[in-house]
Amino acid sequence: IDAVVVDMQDVGARFYTYHITMLKVMEQAASKGKPIIVLDRPNPLGMIVDGPVLDMSLRSGVGRIPVPVLHGLTMGEIALMANGEGWLRDGLKADLTVIPVEDYTHATRYELPVAPSPNLKTMGAIYLYPSLCYFEGTTASVGRGTESPFQIYGHPSMKSRGFTFSPKSMPGAKNPPLLGKLCQGVDLRDIPDSAAILKGVDLSYIIDAYQSMTTGKSTFFNSFFDKLIGNRSVRKMIESGRSAEEIRATWKDELNKYRALRAKYLIYPER
């Protein structure tokens, strides 16, 4: 091996694992003295910086580096930041080259020509993903096993809203949560893309589901929720009845510090 090339389409959320794979590859290349080249691609959520910065005591396979849920970086910018901030294992430094995207800005609305994974089938799902992925850390369904994953949510014990769905086995969701169960749900497929983008990390959906549970509230969340949100206090605030706006206010200061750090590694203009 003379060099390692990374060319993957990330989605732009901290818990989407492609950039974590890239960081592991960078570590291996650095440990063997091999150069690594990142062929950069646009971030479809690159216009937003939002959510709590990862509490590194919750570091996991869905959270590797201290960035917010919506980090507003391309794969190349993440590589530069991780290298520059010493976030690679054992303080390794990669021999890194980033090939930038021409004519891209972080305000560019880039629609992916190919679905990045089986359960992110549409741009609408990608724009809602930073707000709905937390359902994976609950007993509810986020639509895996339907034609609209990450655009609907529900649970058999939620209050009726006039919309129902039943997850079934299908390619990309062989054994989805609540398989075969009739879920009382909420349909978000009509939300305009621009509105979903502006909301950033919107916890109102997970709060709504929790408050709508007629039974099973005490077991609604599991430990994976904390890893996804990257913070131990958010779950407790939801359980205590805090609003999405009140919770958002708690990560304002750390986001401002992160934005200052992010600015050092931006390849592309903000607008």
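Scroll up a little and you will see the structure.
Bear in mind the structure is a predicted one, so any value in this text is a computation, not a measurement. (Residues numbered from 1 in each chain as written. Predicted model: local features only at pLDDT ≥ 70, side-chain atom pairs only at ≥ 80, totals over all residues. Heavy atoms only, no water.)

Draft legend 1. Quick look at the overall build of the chain. The helix and strand inventory of the chain stands at nine helices and eight strands. Relative to a compact globule of 271 residues, whose C-alpha radius of gyration would be 18 Å, the chain shows 19 Å and is just as compact. The C-alpha extent of the chain, read off along each of the three principal axes, is 55 × 40 × 35 Å. Taking contacts inside the chain between residues at least 6 apart in sequence as the whole, the part at least 24 apart equals 70%. For the chain, the accessible surface area stands at approximately 12,000 Å², while carbon and sulfur atoms represent 51% of it. For the chain, the centre of its 32 positive side-chain charges and the centre of its 28 negative side-chain charges are spaced 6 Å apart. (Helix = DSSP H or I, 4+ residues; strand = E, 2+ residues; numbered from the N terminus. Rg over C-alpha atoms; globule rule 2.2 N^0.38 Å. Contact = heavy atoms within 4.5 Å. Areas by Shrake-Rupley, 256 points an atom, 1.4 Å probe, with all protein chains shown as cover. Lys, Arg positive; Asp, Glu negative; His and termini not counted. Charge placed at Lys NZ, Arg CZ, Asp CG, Glu CD.)

Draft legend 2. Geometry of the layout of surface pockets. When its volume is computed, the largest pocket comes out at roughly 290 Å³. For the largest pocket, the lining is made up of 14 residues, of which Met47, Ile48, His106, Glu270 and Arg271 are closest to its centre. For the lining of the largest pocket, the element with the most residues is helix 9 (residues 252-263), which contributes three residues. Classifying every residue of the lining of the largest pocket gives seven nonpolar, two polar and five charged. (1 Å grid on protein atoms, 1.4 Å probe; cavity = no way out; pocket = protein on both sides within 12 Å on 5 of 7 lines; lining within 4 Å. Points joined across faces, edges and corners; volume = space filled by probe spheres on them. Nonpolar A, V, L, I, M, F, W, Y, C, P; charged D, E, K, R; others polar.)

Draft legend 3. Spotlight on the packing of aromatic side chains. On inspection of all chains with the given rule, the structure shows 14 aromatic pairs. Each ring, one from Phe135 and one from Tyr153, has its centre 4.7 Å from the other, and the planes form 20°; the classification is stacked. Taken together, the positions of Phe135 in the loop between helix 3 (123-132) and strand 6 (152-155) and Tyr153 in strand 6 put the pair 18 residues apart, joining distant regions of the chain. Its relative accessible area of 1% is what places Phe135 among the buried residues. Ring geometry for Phe163 against Phe165: centres 6.0 Å apart, planes inclined by 40°, an arrangement best described as tilted. Taking the relative accessible area as the measure of exposure, Phe163 reaches 18% and is therefore buried. Sitting over the face of the ring of Tyr210, Lys217 holds its NZ or CZ atom 5.0 Å from the ring centroid. (Phe/Tyr/Trp six-rings, centres within 6.5 Å; stacked < 30°, edge-to-face > 60°. Buried < 20%, exposed > 50% of the residue type's maximum accessible area, 1.4 Å probe, protein only. Lys NZ or Arg CZ within 6 Å of the ring centre and 35° of its normal.)

Draft legend 4. Structural context of the sheet that holds strand 2 (residues 36-39). Read from one edge of the open sheet, three strands run 1-2-5, paired in parallel fashion. Sheet topology places strand 1 (4-6) and strand 5 (96-99) at the edges, where each strand pairs with a single neighbour. Adjacent strand axes in the sheet meet at a mean angle of 20° when their direction is disregarded. By the bridge criterion, four bridges tie strand 2 to strand 5 in an arrangement that is parallel. For Val38, the partnering residue across the bridge sits in strand 5 and is Val98. Sheet contacts for helix 2 (residues 75-84): strand 1, strand 2 and strand 5; angle to strand 5, the most-contacted strand, approximately 155°. (Pairing = 2+ DSSP bridges. Axes fitted to C-alpha atoms, helices over the stretch in contact; angles between N-to-C directions.)

Draft legend 5. Here's a closer look at the environment of Pro167. Examined against the element boundaries, Pro167 turns out to sit in the loop between strand 7 (164-165) and strand 8 (183-187). Sequence spacing of Pro167 and Arg144 is 23 residues, and the spatial spacing of their C-alpha atoms is 6.6 Å. Those residues in contact with Pro167 that sit more than four places away from it in its chain are Ser141, Arg144, Gly145, Thr146, Pro176, Pro177, Leu178, Leu179, Gly180, Lys181 and Cys183.

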